[in-house]
Amino acid sequence: MIRGYFILFLLCIVKLYAQEPVVIHLNEKDELPDIEFYDMLEDRKSFIWFAADRGLFRYDGVKFKEFTHPDKRGYSVFSLSEDHIGRIWCINLSGQVFYVNKNELVLFLDLKDELNGELPYLTAIGEYVYLFCNEKIIALSPKDKTFSIDNFGSNALGVPTLFHDTLMVTFENSLLQLNPKKMLFDDSELTKANERRNKNLLFPHQNKLYALGSGIDNEIFEIDIILKEVLKIRLPPALLKLDVHTIIPIDRNLWICTRDGIFIGDIEDNSIVIKRHFLSGIFITDVVKNQEGLFWISTLDQGIYIVTDLNVSKFNSPSHHITTMVKIDESQILYGTIEGELYLYNLKDFSIKKLNTPKTINISALHYDKQNGILYVGSSQNGFALTDNFSNVILLPFGLSAKSITEVSPKEILYASAGLSSFLSLTDDLELIESKNIREHRAYSAHHNPITKYNYVSDIDHFISIDSSHNESIITYKGENFYSSQMDADINGISWISTFHHGVLGVKNDSVVYAFDKNEGLLSDQIFAIHTHQDEIYIASDKGIQVLNSTTHSLRTLIDLQTNFPARINGMEIFDQNLVVGTNQGVYGINNNYKQNREFIPNIYISSLKVKDEAIEVKDTLYLPFDENTIELSAHANLYKANDRLLFEYSLQGKNAGWFPLEQGGNSIVFSNLEPGLHSIKIKAKDSYTNLSSRIKEVVVFIEKPIWRKWWFILWFFAILSFILLTLFRFFLHKQNLEKVKAIEELDRENQLILLKLENLRSQMNPHFVFNALNSIQEYIVINEKNLASNYLGKFADLMRSFLSLSNKGYISIEEEVKNLNMYLELEKMRFEEKLVYNIQVDDTLNQNEIYIPTMLIQPYVENSLNHGLLHKKDQRILNIFFTNKNSTHFKCIIEDNGIGRKKAEEIKLERRPEHKSFATKTTNNRLTLINYGKVNKIELIIEDLYDSKNMPCGTKVILFIPLNLIS
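Just so it is clear, the structure is predicted and the values come from calculations on it, not from any experiment. (Residues numbered from 1 in each chain as written. Predicted model: local features only at pLDDT ≥ 70, side-chain atom pairs only at ≥ 80, totals over all residues. Heavy atoms only, no water.)

**A few points about the overall build of the protein**
Okay, so step 1: Across its full length, the protein holds ten helices and 74 strands.
Okay, so step 2: Across the protein, contacts joining residues at least 24 apart in sequence account for 51% of those joining residues at least 6 apart.
Okay, so step 3: When the accessible area of the protein is evaluated, it comes to approximately 48,000 Å², of which 50% is carbon and sulfur surface. (Helix = DSSP H or I, 4+ residues; strand = E, 2+ residues; numbered from the N terminus. Contact = heavy atoms within 4.5 Å. Areas by Shrake-Rupley, 256 points an atom, 1.4 Å probe, with all protein chains shown as cover.)

In structure tokens form, the structure reads like this:
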């Protein structure tokens, strides 16, 4: 690869000749199935086929697939050709002719006896396949599997070529046309060509036909069919005695494959003009430019090389890890490395010189003062300057790890480092006069715009602009801070900023005036390096290099990821028509006038179909039974590194709308439980290298309905079901009507019974209370207490009026009940000679006006407490009535007395009135039973006997749990 490599130790100069295009080398480490290849072919589906020592292989952009046959003798195959229906043909040394059909290698004919060990040249033209031997041509007919032999009787047949859709070949001193067979003309020069070569090689180039002969010296002849003339073409000395394997016309150039690499040239003024030579020392057997513009190069013993872009070259300099770079003049660049070394590289004679520098590591910043010939250098350990043609070293007061150095004015520099950013004023001898710190923060970059006189510093917190009067202001973009690693100014006074996440920003004075990101066509928003040249801005990102015209705002791509360019770009400079790029892998050059034109649209296809996990034949339309409704579809495109590049999206119309992306590298989709009917599965892919999208590939799937969902079955089913349902409906309707009549009659009887019982109980209860009250009045009269009797009688009349007004009501509010109880207890208090203390309390959380209880529900229990519990107690008669909340459904009414207790009262009652029956208690209990009848929330009654510390009766507590919503 390197023609000369001479080291002069005293001068530390290395001269390196030639430039290599950027290549990708595939070998066995890359799962390449062989390293010895004889022929290549790209078919109409963009598969790359390889005829190799180990057999026949096909590459689909991801992996290599081997094609073999059980009856195949040996491994090697040769002479690949595609016929008119897309079958790939080849032949082996044993005379076996094969073709590939439906992903299988088929043995067509065994011509061992006819070929007798000779390896012919195979080509498929139209409906025939031709085998060109030394003395005969064998025509194979795939249609009827026959062959015919045309003997020429002389060992002088050449290698054919297709010229103007006609198959031509040389024989002795003649040029022959086949189908129909016709001799075009004779010429003695063709005889010389055949004499100098075992097989004469014909090749077309720019509408002309050429022949290559070899012997002592190589010769090329131009064949003019119309004038029937042969013209000798002059060859350069490098090709005269070199073993030329084949010549392949690609675009407007000739690719000459030799034992010493590839020569790319053209024919000008009857001479071969060599433009490039690379892969020297390697035997090249074939070159194919595929549909996406990549050059595939096969070799005899070094595997496969891929050239992604001929306009991008690697200079044959040491593969230094370049950290920063600066242009010295129109022929030299100076770059620093991560090892702390400085190199002066001459782009004219490719010489490289290592400069003497203080011991340091990681050259991080360079700035060249052309006017004074001073090189300012920043590194991880110190800062220094080189003067006197880079031979004199002067240490400078830079901070550690200077990231950026820029010249503000003669002997005034602005620098940014890991600890601070500062202006330095220097003497002519580069001694420090004054230092003005801007910020003591970690800084990323600094820049001086020579037109606007503005200075800019990007540190860990802000992006700062500093005018000529050193006034500072913070610049933001869309209200956010941004950070930059490199800045440069164009001829219009715009400072262009590379940012970490916002693409490229154009700043003028203290404002962002332009912004370009992925939405405007940038390959990425993460920018590593930026360089301006006149009105062009060179932008290096993690996805490639682009050029932005600051006047027209147009973008063009120089390189993208497919170019296999180094990942880290740390410097760019323009030389003539070339962009020189410093990377972590050395120095590269790019033709600046070149516009990368990757217009190849990915041609995706359905690579496999599975139904219920079983592979089926790939078709555009599928008809499936209802129980085979789970489909797995895989798509692919025959692109180099397809899995790394393609982003697939799919759409299932009829089920959901829109496009749904697959994960990077994913190309399979599973559709489960598809409903019967028509489904359109669409899939497309976007090439992340070129941002071009493929055409949509569609598979139409028709899922058959099950028998029970077909119209005639549904019609009969509903007819029969309707008849059955109608019959059942009429039966149940008749039965239900009978039950309703019976239920209504029963309910009516029950309601009448309940009403009668309730009315009867109220009528019994009210006279009972009157009877007890009149007994009290009678007692006052007997004992001659007229005033008490009169007062008692008045209050009794008030109570009776209230009672009579409520007697027809089934329910009263708590407020009304409390009022009646107060009137009743007032009467009883007088009867007890004021020796009764009672207390009625209602919880504030109870709404007395809205909560209703049955009429005369509580009064009987109060009456029992008075007549049976408190009446027989001499003093301290206490009665408490509490209305309190229990929960969200009930409230409590507590009637508690400190009387003699139920047991003692029962004993007294038996002694005094053994024949008396407690009508009120029984009536109240029966009434509770009737009120609770048929209700979910019932009134509950609890009666507790109270005892003191000596276990003696001390009273009775009656607790009623009453529903809050007893009535609405």
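Let's pick the thread back up.
**Remarks on the nonpolar core**
Okay, so step 1: One finds Leu-825, Ile-858, Val-862, Leu-866, Leu-879, Ile-881 and Phe-883 to be the most contacted residues of the largest nonpolar core, which totals 40 residues.
Okay, so step 2: Residue assignment for this core shows that the elements contributing at least two residues are α6 (786-806), α7 (814-831), β69 (836-842), α8 (859-870), β71 (877-885), β72 (890-897), α10 (919-932) and β74 (953-963).
Okay, so step 3: It is α7 that contributes the most residues to this core, seven residues altogether.
Okay, so step 4: Beyond its immediate stretch of four places on either side in the chain, Phe-883 contacts Ile-814, Val-818, Leu-821, Ile-840, Gln-841, Val-842, Asp-843, Leu-846, Ile-858, Phe-891, Lys-892 and Cys-893. (Core = buried A, V, L, I, M, F, W, Y, C linked by side-chain atoms within 4.5 Å. Buried < 20%, exposed > 50% of the residue type's maximum accessible area, 1.4 Å probe, protein only.)

**Examining the UniProt feature "transmembrane region" (unreviewed entry) in the protein**
Okay, so step 1: UniProt annotation of "transmembrane region" (unreviewed entry) refers to residues 711-733 when read in the numbering used here.
Okay, so step 2: As a span, residues 711-733 carries 100% helix and 0% strand, and end to end its C-alpha atoms are 31 Å apart. (UniProt positions renumbered as here; feature names shortened; annotations may be inferred.)

**A few points about the sheet that holds strand β37 (residues 383-387)**
Okay, so step 1: Taken in spatial order, the four strands line up as β35-β36-β37-β38 in an open sheet, and their pairing is antiparallel. A strand with exactly one partner marks an edge of an open sheet, and here the two such strands are β35 (363-369) and β38 (392-396). Taking the axes of each pair of neighbouring strands and ignoring which way they run, one obtains an average angle of 20° across the sheet.
Okay, so step 2: Two strands pair when backbone bridges link them, and β37 and β38 are joined in this way by five bridges, in the antiparallel orientation. Within β38, the residue paired with Phe-384 across the bridge is Leu-395. (Pairing = 2+ DSSP bridges. Axes fitted to C-alpha atoms, helices over the stretch in contact; angles between N-to-C directions.)

**Considering the pattern of salt bridges**
Should their charged atoms come close, side chains of opposite charge can pair.
Okay, so step 1: Enumeration over the complete set of coordinates arrives at 17 salt bridges.
Okay, so step 2: Here Asp-251 ties to Lys-289 by a salt bridge, and the two come within 2.8 Å at their closest N and O atoms. Of this pair, Asp-251 sits in the loop between β24 (244-250) and β25 (253-258) while Lys-289 is found in strand β28 (residues 284-289), placing the two residues 38 residues apart along the sequence.
Okay, so step 3: Judged by relative accessible area, which is 56%, Asp-251 ranks as exposed. (Salt bridge = Lys/Arg side-chain N within 4 Å of Asp/Glu carboxyl O.)

**Quick notes on the sheet that holds strand β7 (residues 64-67)**
Strands belonging to one sheet form pairs held by backbone hydrogen bonds; the direction of such a pair is parallel or antiparallel.
Okay, so step 1: The sheet built from four strands is open, its strands ordered β4-β5-β6-β7 with antiparallel pairing. Of all strands in the sheet, those with a lone pairing partner are β4 (37-42) and β7, marking the two edges. For this sheet the average axis-to-axis angle between neighbouring strands, irrespective of direction, equals 25°.
Okay, so step 2: By the bridge criterion, five bridges tie strand β5 (residues 48-52) to strand β6 (residues 55-59) in an arrangement that is antiparallel.

**With respect to helix α9 (residues 902-912)**
Okay, so step 1: Residues of α9 that are buried: Ala-905, Ile-908 and Lys-909. Seen along its axis, α9 keeps its buried residues to an arc of 100°; they face one direction. Residues of α9 that are exposed and point more than 90 degrees away from the buried face comprise Lys-903 and Glu-911.
Okay, so step 2: Taken together, the buried residues of α9 touch α8. (Arc of directions from axis to C-beta.)

**Details of the environment of Asp-798**
Okay, so step 1: Its location among the elements puts Asp-798 in helix α6.
Okay, so step 2: Looking at Asp-798, the relative accessible area reads 35%, which means it is partly exposed.
Okay, so step 3: For Asp-798 and Asn-820, which are 22 residues apart along the polypeptide, the C-alpha to C-alpha distance reads 9.7 Å.

**A short note on the packing of aromatic side chains**
Think of a pair of aromatic rings as described by two things: how far the centres are apart, and how the planes are tilted against each other in angle.
Okay, so step 1: In the structure shown here, the tally under the stated rule is 37 aromatic pairs.
Okay, so step 2: Taking 4.9 Å as the distance between ring centres and 40° as the angle between the ring planes, the aromatic pair formed by Trp-89 and Tyr-99 counts as tilted. Linking Trp-89 in strand β9 (residues 88-91) with Tyr-99 in strand β10 (residues 96-101), this pair joins segments that are ten residues apart in sequence. With respect to class, Trp-89 is no different from Tyr-99; both count as buried.
Okay, so step 3: Taking the centre distance of 6.3 Å and the plane angle of 80° together, the rings of Tyr-444 and Tyr-483 count as edge-to-face. Taken together, the residues span a long stretch of sequence, with Tyr-444 in strand β43 (residues 443-448) and Tyr-483 in the loop between β46 (472-475) and β47 (484-489) at a distance of 39 residues.
Okay, so step 4: Judged by its relative accessible area of 24%, Tyr-444 is partly exposed.
Okay, so step 5: The class for Tyr-483 is partly exposed, based on a relative accessible area of 26%.
Okay, so step 6: An aromatic cluster of three or more residues is present, and its members are Phe-37, Phe-50, Tyr-59, Phe-64, Trp-296 and Tyr-640.
Okay, so step 7: A cation over a ring is seen here: Lys-65 above Phe-67, with NZ or CZ 5.3 Å from the ring centre.
Okay, so step 8: Above the plane of the ring of Phe-961 lies Lys-886, whose end atom (NZ or CZ) is 4.2 Å from the centre. (Phe/Tyr/Trp six-rings, centres within 6.5 Å; stacked < 30°, edge-to-face > 60°. Lys NZ or Arg CZ within 6 Å of the ring centre and 35° of its normal.)

**Some remarks on α8**
Okay, so step 1: In terms of residue burial, α8 counts as a mostly covered element, since ten of its twelve residues are buried.
Okay, so step 2: Those residues of α8 that fall on the buried side of the exposure criterion are Gln-859, Pro-860, Tyr-861, Val-862, Glu-863, Ser-865, Leu-866, Asn-867, Gly-869 and Leu-870.

**So, unusual backbone geometry**
Okay, so step 1: With a phi close to 60°, Phe-350 is a non-glycine residue in the positive phi region.
Okay, so step 2: If you trace the backbone, Phe-350 turns up in the loop between β33 (342-346) and β34 (351-354).

**What to know about the side chain of Thr-406**
Okay, so step 1: By secondary structure assignment, the location of Thr-406 is in strand β39 (residues 404-409).
Okay, so step 2: What Thr-406 contacts, discounting residues up to four positions off in sequence, is His-367, Glu-412, Ile-413, Leu-414, Ala-446, His-447 and His-448.

**What about the confidence of the model for the protein?**
Okay, so step 1: Mean pLDDT for the protein: 85, with 90% of residues reaching 70 or above.
Okay, so step 2: Long-range and interchain partners of residues 1-18, a stretch whose pLDDT sits below 50, account for 47 contacts in this model, where long-range means more than four residues apart. (pLDDT = per-residue confidence, 0-100.)

**Thoughts on a negative patch on the surface**
Okay, so step 1: Taken together, the side chains of Asp-613, Glu-614, Asp-627 and Glu-628 present a region of like negative charge at the surface.
Okay, so step 2: By the element assignment, Asp-613 lies in the loop between β58 (604-611) and β59 (614-616). (Patch = residues over 30% accessible without salt bridge, like charges linked within 9 Å, V, L, I, M, F, W, Y side chains within 5 Å. Lys, Arg positive; Asp, Glu negative; His and termini not counted. Charge placed at Lys NZ, Arg CZ, Asp CG, Glu CD.)

**A closer look at the side chain of Arg-58**
Okay, so step 1: For Arg-58, the position within the fold is in strand β6.
Okay, so step 2: This buried residue, Arg-58, is left without a salt bridge; Asp-60 holds the nearest opposite charge, at 5.8 Å.
Okay, so step 3: If near-sequence neighbours (up to four positions away) are discounted, Arg-58 is found in contact with Phe-47, Ile-48, Trp-49, Lys-63, Phe-64, Lys-65, Phe-67 and Asn-103.

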